[in-house]
Amino acid sequence: MLPPLLHRVWVRLIGHLDGPLLLITASIMAIGLATVYSATYDASNRLLAQAVNMAVGFCAMWLVAQLPPQKLMGFGVPLYVLGVILLICVFFFGVKVNGARRWLSLGFTRIQPSEVLKIAVPLMLAWYFHKHEAMLRFRHYLFACLLLLVPFALIAKQPDLGTAILVGAAGFYVIFLAGLPWQVIFGLSAAAAAAAPFVWTMLHDYQRKRILTLIDPTSDPLGAGYHIIQSTIAIGSGGTFGKGWLEGTQTHLEFIPERHTDFIFAVFSEERGLLGNSILVLLYFLLIARGLMIAAKASTLFARVMAGSVTLSLFTYVFVNMGMVSGILPVVGVPLPFMSYGGTALVTLSVGIGILMSIQTHRMLVRK
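What counts, and where the lines are drawn
- Residues numbered from 1 in each chain as written.
- Predicted model: local features only at pLDDT ≥ 70, side-chain atom pairs only at ≥ 80, totals over all residues.
- Heavy atoms only, no water.
- Helix = DSSP H or I, 4+ residues; strand = E, 2+ residues; numbered from the N terminus.
- Contact = heavy atoms within 4.5 Å.
- Areas by Shrake-Rupley, 256 points an atom, 1.4 Å probe, with all protein chains shown as cover.
- Axes fitted to C-alpha atoms, helices over the stretch in contact; angles between N-to-C directions.
- Parallel < 35°, antiparallel > 145°, perpendicular 65-115°, else oblique.
- Left-handed = near helix turned anticlockwise from the far one by under 90°.
- Nonpolar A, V, L, I, M, F, W, Y, C, P; charged D, E, K, R; others polar.
- Patch = residues over 30% accessible without salt bridge, like charges linked within 9 Å, V, L, I, M, F, W, Y side chains within 5 Å.
- Salt bridge = Lys/Arg side-chain N within 4 Å of Asp/Glu carboxyl O.
- Buried < 20%, exposed > 50% of the residue type's maximum accessible area, 1.4 Å probe, protein only.
- Pairing = 2+ DSSP bridges.
- Expected span 1.5 Å × (residues − 1).

1. Let's talk about the overall build of the protein
Check the secondary structure of the protein and you find 15 helices and three strands. In the protein, the proportion of contacts linking residues at least 24 apart, taken out of those at least 6 apart, comes to 71%. A total of about 17800 Å² of accessible surface is found on the protein, and carbon and sulfur atoms cover 71% of it.

Rendered as structure tokens:
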């Protein structure tokens, strides 16, 4: 039993948050921190930086969880407009890194405006459908698609295909959960298939090479196929129980590229093996299942589609990252949630968990 004062502090700070979400998220973060340490054992400053990132993420999660869904809905329009304006500014004032113009310099730091749209787009679309809930027509779904297309095109043009896919997926989930007719979905799928040759011509050379390398990584083993070959070797060499923490040879001999960011799953697989992977996948499954439960029990259209979008976007992160590292999807810049090193994506994901907590807490308060 906690002393009365500590008990009151606990209830005020943590007690009202959704326990399963908090416990599962904290567990994945702890595994991620240990894996980042192993991947960057020769750069201890990154471990401290990631610990700070996680602390900031928890603060963002807590702050968002305090807001009722009605207030969250009010951020949809201004956040979306701000995000689109910042994306436009990137084209004129953005910092170019490795051939891509994705960042805005503020002097003391740099920001990546596309990260804002990962939350702003679903918030905007959820607000829009909630506003027109009583009279949804085909034109509303068409306008929602246009709202989604603007940031998607701006981000893809940077180029940043990975982030564009995540933003597009988050927006599509809202439109789908708002009741998009299946006839439209099948029509859009057919149109996308028909447009595939045209889209292929619009891809950058490196993007086409990634897709072709997926089919045959050995065609360029020291170039485009290097990432996939080395990550699959690391995953396979882990065996059933793994080589042990800090014992990964592919990791510590620096064969795995981007081992502390996009390819951290390869590091974890080599050290923890199939057993560790099964536990990690189970944690993600429980996190996604909890999010879907919250979405199913939400009391308003906004809460339902927003919770569903956040949860399915989390699934997209996990599926795309693990798929690309294991060689079943093309290599794109998608981090593994709460595992990969980095602050921007981690805070964005933490805000998403905070939104789920806000929706769940509000529903429980209404029931009381």
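From this point, the discussion proceeds with the structure in view.
2. A short note on the environment of Ser 299
Looking at the secondary structure, you find Ser 299 in the loop between helix H13 (264–297) and helix H14 (301–325). Residues Ser 299 and Ile 359, 60 residues apart in the sequence, show an inter-C-alpha distance of 8.8 Å.

3. Concerning the packing of helix H6 (residues 113–131) against helix H8 (residues 161–177)
Axis separation between H6 and H8 bottoms out at 9 Å; the angle between their running directions is 15°. Classified by the angle between their axes, H6 and H8 sit roughly parallel to one another. Here H6 runs over H8; the crossing is right-handed. Between H6 and H8, the residues in contact are Ser 114, Leu 117, Lys 118, Val 121, Pro 122, Leu 125, Ala 126 and Phe 129 and Thr 163, Leu 166, Val 167, Ala 170, Gly 171, Val 174 and Ile 175, respectively. Here the contact of H6 with H8 is composed, by residue class, of eleven nonpolar, three polar and one charged.

4. Here we look at a nonpolar patch on the surface
Judged by side-chain polarity, Ile 88, Phe 91, Phe 92 and Phe 93 come together as a nonpolar surface patch covering roughly 460 Å² of accessible area. Assignment of secondary structure puts Phe 91 in helix H5 (residues 76–93). With a relative accessible area of 34%, Phe 91 lands in the partly exposed category.

5. Quick look at the pattern of salt bridges
The final tally for this structure, using the stated rule, is four salt bridges. Measuring nitrogen to oxygen at the nearest pair gives 2.8 Å for the salt bridge that ties Glu 115 to Lys 118. You can see Glu 115 and its partner Lys 118 sitting in helix H6, three residues apart, about one turn around the helix. For the residue pair Glu 115 and Lys 118, the accessibility class agrees, reading buried in each case. The residue Arg 259 makes a salt bridge to Glu 254 at a minimum N-O spacing of 3.7 Å.

6. A closer look at the sheet that holds strand S1 (residues 95–97)
One open sheet accounts for three strands, arranged S1-S2-S3; its pairing is antiparallel. Edge positions in the open sheet fall to S1 and strand S3 (110–111), since each of these has one partner strand only. Strand direction decides the pairing type here: strand S2 (residues 100–105) and S3, joined by two bridges, are antiparallel. When the sheet's bridge partners are listed, Leu 104 is paired in S3 with Ile 111. Contacting S1 and S2, H5 crosses the sheet at an angle of about 105° to S2.

7. Digging into the pairing of S2
Pairing geometry for S1 and S2, over three bridges, is antiparallel. Bridging from a neighbouring strand, Val 95 pairs with Trp 103 of S2.

8. Points about H8
Since the α-helix packs 3.6 residues into each turn, any two residues three or four apart lie on the same face. Its 17 residues place the ends of H8 24 Å apart at the C-alpha level, agreeing with the 24 Å of an ideal helix rising 1.5 Å per residue. For H8, the tally of buried residues reaches twelve of 17 residues, placing the bulk of the element in the interior. Along H8, the residues classified as buried are Gly 162, Thr 163, Ala 164, Leu 166, Val 167, Gly 168, Ala 169, Ala 170, Gly 171, Tyr 173, Val 174 and Ile 175. Trailing H8 by a residue or two, Gly 179 shows a phi angle of about 110°, which is positive.

9. Here's the deal with helix H11 (residues 226–237)
The terminal C-alpha atoms of H11, which comprises twelve residues, lie 16 Å apart, in line with the 16 Å expected from a rise of 1.5 Å per residue. Inspection of H11 places Ile 228, Ile 229, Gln 230, Ser 231 and Ala 234 among the buried residues, and these make up the whole buried set. Positioned one or two residues after H11, Gly 239 has a phi angle of 65°, which is positive.

10. Description of the packing of helix H2 (residues 19–39) against H13
Close contact between H2 and H13 brings their axes to 10 Å; oriented N to C, the two are set at 160°. Compared by their axis directions, H2 and H13 come out roughly antiparallel. Handedness of the H2/H13 crossing: left-handed. Counting all contacts with H2, which are made through Pro 20, Leu 21, Ile 24, Thr 25, Ser 27, Ile 28, Ile 31, Gly 32, Thr 35, Val 36, Ser 38 and Ala 39, the residues of H13 involved are Ile 264, Val 267, Phe 268, Glu 271, Leu 283, Tyr 284, Leu 286, Leu 287, Arg 290 and Ile 294. A class-by-class count of the residues in the contact of H2 with H13 yields 15 nonpolar, five polar and two charged.

11. Remarks on unusual backbone geometry
Located in the positive-phi region is Leu 246, a residue other than glycine, with phi close to 70°. Structurally, Leu 246 is set in the loop between H11 and helix H12 (249–252). On the basis of relative accessibility, which here comes to 31%, the residue Leu 246 falls in the partly exposed class. We note that Phe 338 has phi near 65°; this positive angle belongs to a residue other than glycine. Along the chain, the position of Phe 338 falls in the loop between H14 and helix H15 (344–367).

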